[in-house]
Amino acid sequence: MKKTGLAVFFVLVILLGLLAGQLGIAHLPWSSEDTDTAPGQAVTEQAAEAPARDGEATAPATGTEDAGQEKAPAAPETAATAAEAETDQDAQPAVPLPEGAEIINGEAVVHGTVEKGDTVSKIIEGNTSSGSHPYVSAARQVFSMRAFRTGQPYTIVVDPASGQLKRFEYEIDASRRLVVEGAEEPVARVEPIEYVTTLAQVEATIDDNLFQAVADIGESPQLALTLGSLFGSEINFIRDLQPGDSFKVLVEKRYRDGEYKGYGRVLAAHFTNTGTTYEAYLFRDGKNRPQHYNAKGENLRKTLLQAPLAFTRVTSRFSHNRKHPILGYSRPHLGVDYGAPTGTPVKAVGDGVVTRRSWAGGYGNQVIIKHSAGLESMYSHLSGYARGLRNGQRVRQGQVIGFVGSTGLSSGPHLDFRLRQNGKFVNPAKAINPRGESVRKASMDRFRKTVEKERALLLGQTSLLEYDVDSIVPVDDVDSIVPVDDVEPSAK
């Protein structure tokens, strides 16, 4: 009986031990703090900590269902961490991104400016893993690499995964950009730069000079240069401008990506000089290029401008006997000297072809332009030439060809301007200067309607908000105003 009782007791102990294991109880109620951990718990923890071998699925931990539930929260946390790590790994580019690159719509985009010594090849190879030859070859089909200029913006678009070039953009000037795109066989094109164009009415009264009057109303000096060019055949801005003169201009203003980018076209302008008001209206007569005319339809352009500089002073006139300021003796001075600060833009007085752009001894840096009817104009002592100017190039009246300087035999910054007619020097002040062609009779009705629209906008009779760039003179019919502050270093 005693043996039977002991057997039952031991069976109960064993059953209690098994029950403790099933319930996950580490210690029996009578066990001390120092009692060894129950075997079931130790196996569970070891199994949870043991890493799975490569290629094997992780086995469930040995132990009870309740023990597995305690460990359950760790599983989602581990999965989330793995997912985040995988996402971070995917976000990292396969190759280093170009310096200064931005990720835009899944592409690495680099904006830069051409610096001295840069070439298309150098820029491409410095920002991508691509070779530059296919892109340069494609670009040459539509654009001369010799016209690649410092200071102009460019954009590089790269595949961030491979580092391969996808697109190269280069701004040729204010109105055009070169675009080359494609991976294997890139294709190049020259496209117009898109602008948002608004119309503004600008007016002021002159107290001192035109530049100051323009600056006082918060406008750019370019507007003063444009007015000088527009009315340069009607008004001598060097001699005739007086305090109290005034102007009113209807001019386009252009914006790109919300940023102001300068003036567009002058549609109309009034300039009052010593009580006389001169008018200008933009009009295209047939297939001719757009020009400005007065209200009668007479062309504002004459064969020659009144002067090759918009605003300066005459320091020496045409003379057959003038004492030379450096040589010290008298000799003919068969031209007109205009005193002006170094860097003042010098304009071609008429349409023609450049026959000389070089050093000319005592004349310093010189440009000579051949016009029609045996006429030539000469511009000397220049500090430098306009970018891209070369021998044989056709230029338009009013186009900037160089900049005032003091090269050669010169006592200070000025322009020595001369005219030759059939090889003989003539006084520029007395040269015959006929107007360009007037509006044709067949176009006069259309011209009057155009003037009516432009004048109503200029005088505030029509809201400027109603203006659209194609509503009066289509935008592709006329060249935009191009900034005139580009200069290249002078050289002998």
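Residues numbered from 1 in each chain as written. Predicted model: local features only at pLDDT ≥ 70, side-chain atom pairs only at ≥ 80, totals over all residues. Heavy atoms only, no water.

Draft legend 1. The overall build of the chain, seen in detail. Assigned secondary structure in the chain consists of nine helices and 24 strands. Considering only intrachain contacts with a sequence separation of at least 6, the fraction spanning at least 24 residues in the chain is 61%. (Helix = DSSP H or I, 4+ residues; strand = E, 2+ residues; numbered from the N terminus. Contact = heavy atoms within 4.5 Å.)

Draft legend 2. Representation of helix 8 (residues 221-230) in the model. The buried fraction of helix 8 amounts to eight of the 10 residues, a majority that puts the element mostly inside the structure. Every buried residue belonging to helix 8 is among Gln222, Leu223, Ala224, Leu225, Thr226, Leu227, Gly228 and Leu230, and all of these are buried. (Buried < 20%, exposed > 50% of the residue type's maximum accessible area, 1.4 Å probe, protein only.)

Draft legend 3. Quick peek at the sheet that holds strand 16 (residues 345-347). Overall, antiparallel pairing links the three strands, which are arranged 16-22-20 in an open sheet. Edge positions in the sheet fall to strand 16 and strand 20 (384-385), since each has one partner strand and no second. As judged from the two bridges shared by strand 20 and strand 22 (residues 400-403), these two strands associate in the antiparallel manner. When the bridges of strand 22 are listed, Tyr385 appears paired with Gly402. (Pairing = 2+ DSSP bridges.)

Draft legend 4. Representation of the side chain of Glu234 in the model. Secondary-structure assignment places Glu234 in the loop between helix 8 and strand 8 (246-256). Those residues in contact with Glu234 that lie beyond four places of it in its chain are Tyr278, Leu300, Lys302 and Arg435.

Draft legend 5. Layout of the pattern of salt bridges. Per the counting criterion, the structure on display carries 19 salt bridges. A salt bridge links Lys122 to Asp118; the shortest N-O distance between them is 3.9 Å. The salt bridge involving Glu376 is made with Arg420; its shortest N-O contact spans 3.2 Å. Here Glu376, found in strand 19 (residues 375-382), pairs with Arg420, found in strand 23 (residues 414-421); they are 44 residues apart in sequence, far enough to count as distant. As far as burial versus exposure is concerned, Glu376 and Arg420 are alike and both buried. Where salt bridges share partners, they join Arg167, Glu169, Arg177, Glu181, Arg189 and Glu191 into one cluster. (Salt bridge = Lys/Arg side-chain N within 4 Å of Asp/Glu carboxyl O.)

Draft legend 6. Representation of the nonpolar core within the structure. One finds Tyr338, Val367, Ile369, Tyr379, Ile401 and Leu415 to be the most contacted residues of the largest nonpolar core, which totals 25 residues. Of all the secondary structure elements, the ones that give two or more residues to this core are strand 15 (336-339), strand 18 (365-370), strand 19 and strand 23. Every residue in contact with Val367, bar those within four places of it in the chain, is listed here: Val354, Arg356, Ser377, Met378, Tyr379, Leu382, Tyr385, Leu389 and Ile401. Core analysis: the next-biggest nonpolar cluster, separate from the first, contains 24 residues, Ile206, Ala224, Phe231 and Ile235 among them. (Core = buried A, V, L, I, M, F, W, Y, C linked by side-chain atoms within 4.5 Å.)

Draft legend 7. View of unusual backbone geometry. Here Asn105, not a glycine, exhibits a phi torsion of approximately 55 degrees, which is positive. Looking at the secondary structure, you find Asn105 in the loop between strand 1 (102-104) and strand 2 (107-113). Taking the relative accessible area as the measure of exposure, Asn105 reaches 79% and is therefore exposed. Non-glycine residue His381 carries a positive phi angle of around 70 degrees. Along the polypeptide, His381 turns up in strand 19. Classification of His381 by relative accessible area gives buried; the value is 4%.

Draft legend 8. Representation of the pairing of strand 6 (residues 187-192) within the structure. Direction of pairing for strand 5 (residues 176-181) relative to strand 6: antiparallel, over a ladder of six bridges. Residue pairing across strands places Leu178 opposite Val190, the latter belonging to strand 6. Counting the residues in the hairpin turn of strand 5 and strand 6 gives five residues, including Gly182, whose phi is positive at 125 degrees.

Draft legend 9. View of the sheet that holds strand 4 (residues 165-171). Read from one edge to the other, the open sheet built from six strands follows the order 1-2-3-4-5-6, with strand pairing classed as antiparallel. Every interior strand has two partners, whereas the edge strands, strand 1 and strand 6, have only one. Along the sheet, successive strands turn relative to each other by an average axial angle of 25 degrees, direction set aside. With respect to the sheet, helix 5 (residues 120-127) is in contact with strand 2, strand 3 (153-158) and strand 4, its orientation differing from that of strand 3 by roughly 40 degrees. Across the sheet, helix 6 (residues 133-140) touches strand 4, strand 5 and strand 6, and the angle it forms with strand 5 is around 135 degrees. (Axes fitted to C-alpha atoms, helices over the stretch in contact; angles between N-to-C directions.)

Draft legend 10. Examining helix 5 more closely. Among all positions in helix 5, only Val120, Ile123, Ile124 and Asn127 are buried. Down the axis of helix 5, the smallest arc covering the buried residues is 95 degrees, so these residues share one side. Close packing links the buried residues of helix 5 with strand 2, helix 6, strand 3 and strand 4. (Arc of directions from axis to C-beta.)

Draft legend 11. Inspection of the pairing of strand 15 at higher detail. Here strand 15 shows a buried face lined by Val336 and Tyr338 and a second buried face lined by Asp337 and Gly339. Here strand 15 runs beside strand 23; their pairing, made up of four bridges, is antiparallel. In the strand pairing of strand 23, Tyr338 is matched with Leu415.

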